[in-house]
Amino acid sequence: MAFDWFKRKAKNITTSTEDKKDVPQGLWHQTPTGKIIEYEELKRNNYVSPEDGFHVRIGSREYFDMLFDSGKFTELNADVESIDMLNFKDTKSYNDRLKEVKAKTKLTDSIRNAVGEVNGVKMVVSCMDFAFIGGSLGSVMGEKIRRAVDYCIENRLPYMIISQSGGARMQEATYSLMQLAKVQSKLAQLSEEGLLYIAYLCDPTFGGITASFAMTADIIMAEPGALIGFAGPRVIRETIGKDLPEGFQTSEFLQEKGFVDFIVKRTNIKEKVSQTVKLLTNV
């Protein structure tokens, strides 16, 4: 019996090599729960999985795009970047690490400052990039925050810091730790001027940043499920010799204990921030 439908009409595949299409990388994203999401759909949903609500870790570029009206903003202090002040070396020199991470991320440090309008409200936003040495706090982060606060005071604008960091940058030693006092003193000046400071805590927010300016804002918001703390759970467990409560160090746990004011989904962050500024500043 002849199966005409099975016969190949063309002798060979005629698509030329030049016309063959490879599947581009990064078209799909898999969340920790195993859900597969098309990248463009994820982007349209502010990088939150519509399947399970998982907040994919993103950087300053994505946060600025979703916060500022039409994605338009002016970057401040873009020319401030890290240098190796101590000639520090562990498995490789700090200078080499900086060269590598700057080339890989196209960033100059672990935080960026921007000014623009959020639902018509003009404000300054500083956003950390975890991709740059774990969003670590160094002398440049402290200096950029100082300059951002000065800009807010000069122009009478509210201020917001988006935190995602593993803590202080060990390659800068004491210079890193000094930034805690430096930033807190500037935020005190902001408060004395009667200007609003909002903190938005993302996954993860740890170390000295949690122990200082991430927890001293007028309003503290956090993404759902974000890990927030000072030391890691393993260190705490070994120190106190006890098992930790379920959900310990999540944003929901911290809200229950009074450390966080609001859990705000990334899909709602623009509206929540602009609403908060309007309510508290009579804009």
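Residues numbered from 1 in each chain as written. Predicted model: local features only at pLDDT ≥ 70, side-chain atom pairs only at ≥ 80, totals over all residues. Heavy atoms only, no water.

A. Representation of the packing of aromatic side chains in the model. One pass over the structure, following the stated rule, counts six aromatic pairs. Between Tyr159 and Tyr197 the ring centres are 5.9 Å apart and the planes differ by 25°, which places this aromatic pair in the stacked class. Here Tyr159 is found in strand β6 (residues 159-165), whereas its partner Tyr197 is found in strand β7 (residues 197-205), with 38 residues between them in sequence. Note on accessibility: Tyr159 and Tyr197 belong to one class, buried. An aromatic cluster is built from Phe64, Phe68 and Phe73, whose rings are joined through pairwise contacts. Across the ring face of Phe130, the terminal group of Arg57 is positioned such that the distance to the ring centre comes to 4.3 Å. The ring of Phe262 carries the charged tip of Lys272 above its face, separated from the ring centre by 4.5 Å. (Phe/Tyr/Trp six-rings, centres within 6.5 Å; stacked < 30°, edge-to-face > 60°. Helix = DSSP H or I, 4+ residues; strand = E, 2+ residues; numbered from the N terminus. Buried < 20%, exposed > 50% of the residue type's maximum accessible area, 1.4 Å probe, protein only. Lys NZ or Arg CZ within 6 Å of the ring centre and 35° of its normal.)

B. Up close: unusual backbone geometry. In this model, Asp203 is joined to Pro204 through a cis peptide bond whose omega is -5°. Looking at the secondary structure, you find Pro204 in strand β7. Its identity as a non-glycine residue notwithstanding, Tyr47 has a phi of 60°, on the positive side. Positionally, Tyr47 belongs in the loop between α1 (39-44) and α2 (60-67). The class of Tyr47 is buried, set by a relative accessible area of 8%.

C. Broad picture of the nonpolar core. Core analysis: the biggest nonpolar cluster contains 33 residues, and Ile145, Tyr159, Leu190, Tyr197 and Phe213 have the highest contact counts within it. For this core, the elements supplying multiple residues, two or more each, are β4 (111-118), β5 (121-128), α4 (139-155), β6, α5 (173-192), β7, β8 (219-222) and α7 (251-256). For this core, the leading source of residues is α4, giving six residues. Excluding its chain neighbours within four sequence positions, the residues that come into contact with Phe213 are Met128, Met141, Ile145, Ile161, Ser163, Val183, Gln184, Leu187 and Tyr197. (Core = buried A, V, L, I, M, F, W, Y, C linked by side-chain atoms within 4.5 Å. Contact = heavy atoms within 4.5 Å.)

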